[in-house]
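# Observations on chain architecture
Here's the letter readout for the chains.
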Amino acid sequence: MRTEIDITKEELIEKINYDLQWEYAAAIQYIQHQSIISGAQYNNIRDELAIHVNEEIQHAIQLADQIDYLGGEPEIKVEEIKTSNDPKEMLKQDLQGEREAIERYKKRIKQSKSLDEYATAETIKNILVTEQEHEMDLMDALNL
Ligand SMILES: [Fe+2]
Ligand SMILES: [Fe+2]
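Remember, it's a predicted structure, so these values are computed and weren't measured experimentally. (Residues numbered from 1 in each chain as written. Chains lettered and ligands numbered in written order. Predicted model: local features only at pLDDT ≥ 70, side-chain atom pairs only at ≥ 80, totals over all residues. Heavy atoms only, no water.)

So, about the coordination of the iron ion (ligand 2). Binding of the iron ion (ligand 2) to the protein goes through Glu 56 (OE), Glu 98 (OE), Glu 98 (OE), Glu 131 (OE) and His 134 (ND1), at separations of 2.0 to 2.3 Å. Site description for the iron ion (ligand 2): donor spacing in sequence, E-x41-E-x32-E-x2-H. A residue is classified by how much of its surface remains accessible, and Glu 131, at 1% relative accessible area, is buried. (Donors = N, O, S within 2.8 Å, 3.2 Å for Na, K, Ca; no water. Buried < 20%, exposed > 50% of the residue type's maximum accessible area, 1.4 Å probe, protein only.)

It is worth spelling out helix 4 (residues 118–141) at this point. Between the first and last C-alpha of helix 4 there are 35 Å, a value that for 24 residues agrees with the 34 Å anticipated at 1.5 Å per step. Taken as a whole, helix 4 has its buried residues at Thr 120, Ala 121, Thr 123, Ile 124, Ile 127, Leu 128, Thr 130, Glu 131, His 134, Glu 135 and Leu 138. Contacts from the buried residues of helix 4 go to helix 1 (9–36), helix 2 (43–69) and helix 3 (87–114). One or two positions beyond helix 4, positive phi appears at Asn 143, with a value near 55°. (Helix = DSSP H or I, 4+ residues; strand = E, 2+ residues; numbered from the N terminus. Expected span 1.5 Å × (residues − 1). Contact = heavy atoms within 4.5 Å.)

Let's shift gears to the coordination of the iron ion (ligand 1). Within the protein, Glu 23 (OE), Glu 23 (OE), Glu 56 (OE), His 59 (ND1) and Glu 131 (OE) serve as the donor atoms for the iron ion (ligand 1), at 2.0 to 2.4 Å. All donors of the iron ion (ligand 1) belong to a single chain; written as a sequence motif, their spacing is E-x32-E-x2-H-x71-E. In this structure, the iron ion (ligand 1) lies 3.8 Å away from the iron ion (ligand 2), the two metals sharing Glu 56 as a donor. Of this pair, Glu 56 and His 59 both sit in helix 2, separated by three residues, roughly a single helical turn. By relative accessible area, Glu 56 is classed as buried at 1%. Assessed through its relative accessible area of 3%, His 59 is described here as buried.

Looking now at the UniProt feature "coiled-coil region" (unreviewed entry) in the chain. The feature "coiled-coil region" (unreviewed entry), as annotated in UniProt, sits at residues 88–115 in this numbering. In this annotation, residues 88–115 is assigned 96% helix and 0% strand; the end-to-end C-alpha distance for the span is 41 Å. (UniProt positions renumbered as here; feature names shortened; annotations may be inferred.)

Inspection of every chain in the model, using the stated rule, returns one cavity of 30 Å³ or more. If you add up the space inside the largest cavity, you get close to 220 Å³. Lining the largest cavity are 20 residues, with Trp 22, Ala 26, Asp 94, Gly 97 and Glu 98 positioned closest to its centre. When contributions to the lining of the largest cavity are tallied by element, the ones reaching two or more residues are helix 1 and helix 3. (1 Å grid on protein atoms, 1.4 Å probe; cavity = no way out; pocket = protein on both sides within 12 Å on 5 of 7 lines; lining within 4 Å. Points joined across faces, edges and corners; volume = space filled by probe spheres on them.)

All chains considered together, the criterion is met by one aromatic pair. Geometrically, the ring pair formed by Tyr 18 and Trp 22 is edge-to-face, given 6.3 Å between the ring centres and 90° between the ring planes. Linking Tyr 18 with Trp 22, this pair stays in helix 1, spanning four residues, or about one helical turn. Among the residues examined, Tyr 18 registers a relative accessible area of 37% and is labelled partly exposed. The class for Trp 22 is buried, based on a relative accessible area of 16%. (Phe/Tyr/Trp six-rings, centres within 6.5 Å; stacked < 30°, edge-to-face > 60°.)

See the structure below:
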């Protein structure tokens, strides 16, 4: 039986392209959130969000390079960007995005390995490490 781990190389390229669209969205979302978030209690996380922007852009570059290596063409479409007037709500949106990314990347690592694409798996594993750090930054800021 075919599982969600057993995919073709073309399907893997498609899925990493989907991840790429979310990386673009994350970078834009963080740019907007760090600029409009206000309140002294959010000073630290505001600085962190500005750092996340650059890390999400690095993730996008790394994914685009893997897609190119695998023989695909990197997407330029951007996934859905969320915002709010409420700082806490914005941080919750960011946290949700990180958690969804973590779930996608855990699957993507297994799928890459099943195709013997170990460098792609390793690249995504390193991205996953940063997403977990982002998740923890946001949980701290939300007192979770
Ligand atoms: Fe990312
Ligand atoms: Fe992230």
